[in-house]
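Structure at a glance
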Amino acid sequence: MKFQAVRGTRDIFNEEAKIFLYIETTAQELFLKNGYKELRTPIFEQNELFTRTLGDTADIVTKEMYVFKDRGDRLLALRPEGTAPVVRAAIEHSILQGGGAKKIFYAGPMFRYERPQKGRYRQFYQIGAEVFGVDDPLVDADVTALAVGILKKTGVKDFKLHINSVGCEACRPKFTEQLEIYLRDKKEKLCATCQERLDKNILRIFDCKIDACKNILNEAPRISNSLCDACGTKYNEYKQYLNKFNVAFIENDALVRGLDYYTGIVFEVKTDLLGSQDAIVAGGRYDNLVEELGGPKTPAVGFAIGEERVAELLKNTDDGKGYAKSLIYCLFTDKEKFLLNIDLINDIKERDFIVEYDYTFRSLKAQMKYANSLGAKIVLIIGDKEIQEKMITVKYMESGEQEEAPLDNILNSLQRK
Ligand code: HAM
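Each value, and the rule that gives it
- Residues numbered from 1 in each chain as written.
- Predicted model: local features only at pLDDT ≥ 70, side-chain atom pairs only at ≥ 80, totals over all residues.
- Heavy atoms only, no water.
- Buried < 20%, exposed > 50% of the residue type's maximum accessible area, 1.4 Å probe, protein only.
- Helix = DSSP H or I, 4+ residues; strand = E, 2+ residues; numbered from the N terminus.
- Contact = heavy atoms within 4.5 Å.
- Axes fitted to C-alpha atoms, helices over the stretch in contact; angles between N-to-C directions.
- Parallel < 35°, antiparallel > 145°, perpendicular 65-115°, else oblique.
- Left-handed = near helix turned anticlockwise from the far one by under 90°.
- Nonpolar A, V, L, I, M, F, W, Y, C, P; charged D, E, K, R; others polar.
- Polar contact = N/O pair within 3.5 Å; in protein donor to acceptor, adjacent residues only side chain to side chain.
- Core = buried A, V, L, I, M, F, W, Y, C linked by side-chain atoms within 4.5 Å.
- Pairing = 2+ DSSP bridges.
- Near = heavy atom within 4 Å.
- Areas by Shrake-Rupley, 256 points an atom, 1.4 Å probe, with all protein chains shown as cover.
- Phe/Tyr/Trp six-rings, centres within 6.5 Å; stacked < 30°, edge-to-face > 60°.
- Disulfide = S-S within 2.5 Å.
- Patch = residues over 30% accessible without salt bridge, like charges linked within 9 Å, V, L, I, M, F, W, Y side chains within 5 Å.
- Salt bridge = Lys/Arg side-chain N within 4 Å of Asp/Glu carboxyl O.
- Lys, Arg positive; Asp, Glu negative; His and termini not counted.
- Charge placed at Lys NZ, Arg CZ, Asp CG, Glu CD.
- Expected span 1.5 Å × (residues − 1).
- Arc of directions from axis to C-beta.

Among the eight residues in helix α11 (residues 307–314), seven count as buried, and that is most of the element. Those residues of α11 that fall on the buried side of the exposure criterion are Glu307, Glu308, Arg309, Val310, Ala311, Leu313 and Leu314. In this structure, the buried residues of α11 make contact with α1 (14–33), β6 (123–132), α5 (137–154), β10 (279–285) and β11 (300–306).

Written out as structure tokens, the structure reads:
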């Protein structure tokens, strides 16, 4: 019997794995530079952690969770997202105590039983950040700027930041009431899903991609007109701060988030290049979640990047493939010459190149072919003569040109390129 990866899951290898690693290391570097600390939570948690925090009517909770009982009869769930586990861990380990902002980042697989399609999987990877302890739109703007900064650093270009405020417990209920009044007599014209949302999770109607529903919503009341003074002021400040951070944005008052925990500012980074799965980053403020999970009242804001979607955008560009470009193949014709040159190999690695060689020391022709298949940029041929004269024969794989030069010169010229 042959086995295959389970529907909605996939193996990531070769070029794609390289891109994933590149995205993760790029993000990690930026997080560390900005004072964020990593937090790794388990892949499964008590089921209730998610049912309590994401909302009874959220799609994730009603349809998409991987829930199972372990041998000790505990009801567990594979994590569908990272925010609730990070909050759970932060409370459990008293990370939130003391003043100032507590900045946390995480990365890893999430699980949702969604209908698989391009850019949507049942196991997918997120890179996320959460900042606890400060209730100021300055933090929301800083966090948003970091998300955008990570995308830019990886090389993603065609994206737009959409922002909105979904209001707080003071103003949102008034708005949903108005929306309900507007939609009640139009119920029959809405699609079946939106008819259901009308009763259970009315804000999500704004997510509908069906034209008939979109047309009805064109005239619908908007939350931007219903924000209370506090939410309105925060939203305006957020926009001013984004300008200060030089982050371009689009105000989108139809942007609502699928999870219940948001309060106030929300944002999504979208692209036109990925079809219907167009959100590459999503986040916002959630000032009540820590308290709901038994912690002290703690304001919080964060985001998560969808790694598959970023990888898809980078796939056809040169970004994310930087490593392959600097692969240097060292060609030794026998083991002895290799053993004599271990320092040389380490020297090349120290300069941030990738080094490859053949452990079986095949013929020159076979190794050239091998170097080519690995995507080597240059091949250094290190034979007796080269060792004695400290001159290395270098073959440039793209042009096919060959020359003799001191190793330093070769590496310096490659580093400049
Ligand atoms: P989310 O919008 O559910 O938010 O997911 C964030 C991102 O994860 C999406 O924008 C998308 O790029 C990616 N994503 C979601 N589902 C899938 C899937 N099935 N396949 C591939 N990629 C997917 C959250 O998860 C919140 N925890 C974000 C957050 C952090 N808010 C505050 N802090």
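Text resumes after the structure shown.
What follows deals with the packing of helix α2 (residues 47–54) against helix α4 (residues 83–92). At a minimum axis distance of 10 Å, the contact between α2 and α4 shows a crossing angle of 110°. On the basis of the axis angle, α2 is roughly perpendicular to α4. For α2 against α4, the interelement crossing comes out right-handed. The residues of α4 that touch α2, namely those facing Leu49, Phe50 and Thr53, are Ala84, Pro85 and Arg88. Grouping the amino acids of the contact of α2 with α4 by side-chain chemistry returns four nonpolar, one polar and one charged.

The next subject is the side chain of arginine 285. Of note, arginine 285 is situated in strand β10. Judged by relative accessible area, arginine 285 falls into the buried class, the value being 4%. Separated by 3.1 Å, the side chain of arginine 285 and the backbone oxygen of valine 134 make a polar contact. Excluding anything up to four places from it in sequence, arginine 285 contacts Val134, Asp135, Asp136, Val139, Asp140, Tyr261, Tyr262, Thr263, Ile265, Pro299, Ala300 and Val301.

This brings us to the nonpolar core. Judged by nonpolar contacts, the single largest core of 42 residues is most densely connected at Phe31 and Phe303. Considering every element that reaches this core, the biggest residue donor is α5, with nine residues. With residues up to four places along the chain from it excluded, the contact list for phenylalanine 31 reads Tyr36, Phe105, Ile127, Gly128, Ala129, Leu146, Ile150 and Phe303. Membership of the second largest hydrophobic core comes to 31 residues, among which are Leu96, Ile104, Leu255 and Val266.

Strand order in this open sheet of eight strands is β1-β5-β6-β11-β10-β9-β7-β8, and the pairing throughout is mixed. In this open sheet, the two edge strands, each paired with only one partner strand, are β1 (37–38) and β8 (250–251). Pairing of β6 with β11, which is carried by seven bridges, proceeds in the antiparallel orientation. For glutamine 126, the partnering residue across the bridge sits in β11 and is glycine 306. The sheet contacts of α5 involve β6, β7 (160–165), β9 (265–270), β10 and β11, and relative to β11 the element is tilted by about 15°. Helix α9 (residues 229–244) rests against β7, β8 and β9 of the sheet, and its axis sits at about 160° to β7.

With that out of the way, let us pick up the site of the ligand. The local shell around the ligand holds 27 residues, among which Glu81, Arg112, Glu114, Arg257 and Tyr262 are the closest. Arginine 112 is positioned with one of its side-chain polar atoms (N or O) 2.8 Å from an oxygen atom of the ligand. With the chains in place, 95% of the 660 Å² that the ligand exposes on its own is no longer accessible. Taken together, the elements giving at least two residues each to the shell around the ligand come down to β6, β10 and β11. If you tally residues by element for the shell around the ligand, the top one is β10, at six residues. Residues of the shell around the ligand, tallied by class, amount to 13 nonpolar, seven polar and seven charged.

Of note, asparagine 14 is a non-glycine position whose phi angle comes to about 50°, a positive value. Among the secondary structure elements, asparagine 14 is positioned in helix α1. Positive phi is not limited to glycine here, since asparagine 246 has a value of about 60°. Position of asparagine 246 relative to the elements: it lies in the loop between α9 and β8.

In the structure shown here, the tally under the stated rule is 14 aromatic pairs. Taking the centre distance of 6.3 Å and the plane angle of 25° together, the rings of phenylalanine 31 and phenylalanine 303 count as stacked. Of the two residues, phenylalanine 31 is situated in helix α1 and phenylalanine 303 in strand β11; the sequence distance between them amounts to 272 residues. In this pair, the class of phenylalanine 31 matches that of phenylalanine 303, namely buried. Geometrically, the ring pair formed by phenylalanine 332 and phenylalanine 338 is edge-to-face, given 5.5 Å between the ring centres and 80° between the ring planes.

Should the sulfur atoms of two cysteines be covalently bonded, the bond is a disulfide. Within this structure, the stated rule accounts for zero disulfides. With no disulfide of its own, cysteine 194 has cysteine 208 as its nearest cysteine by sulfur position, at a separation of 3.6 Å.

On the surface, Asp56, Glu169, Asp260 and Glu292 cluster together into a patch of negative charge. Looking at the element boundaries, aspartate 56 is found in the loop between α2 and α3 (59–64).

The next subject is the packing of α1 against α11. At a closest axis distance of 10 Å, the pairing of α1 and α11 adopts a crossing angle of 115°. Taken together, the axis directions place α1 and α11 in an arrangement best described as roughly perpendicular. Between α1 and α11 the crossing geometry is right-handed. Residues Ile19, Phe20, Tyr22, Ile23 and Glu24 of α1 pack against Glu307, Glu308, Val310, Ala311 and Leu314 of α11. Here the residues of the contact of α1 with α11 are counted per class, giving seven nonpolar, no polar and three charged.

Given a rise of 1.5 Å per residue, 13 residues ought to cover 18 Å, and the 18 Å separating the end C-alpha atoms of helix α6 (residues 172–184) matches this to within 8%. Along α6, the residues classified as buried are Arg172, Phe175, Leu179, Tyr182 and Leu183. Seen from one end, α6 has its buried residues packed into an arc of 90°, which puts them on one side. Exposed and facing more than 90 degrees away from the buried side of α6 are Lys174, Glu177 and Ile181. Looking at the buried positions of α6, the neighbouring elements they touch are α7 (192–200) and α8 (211–218).

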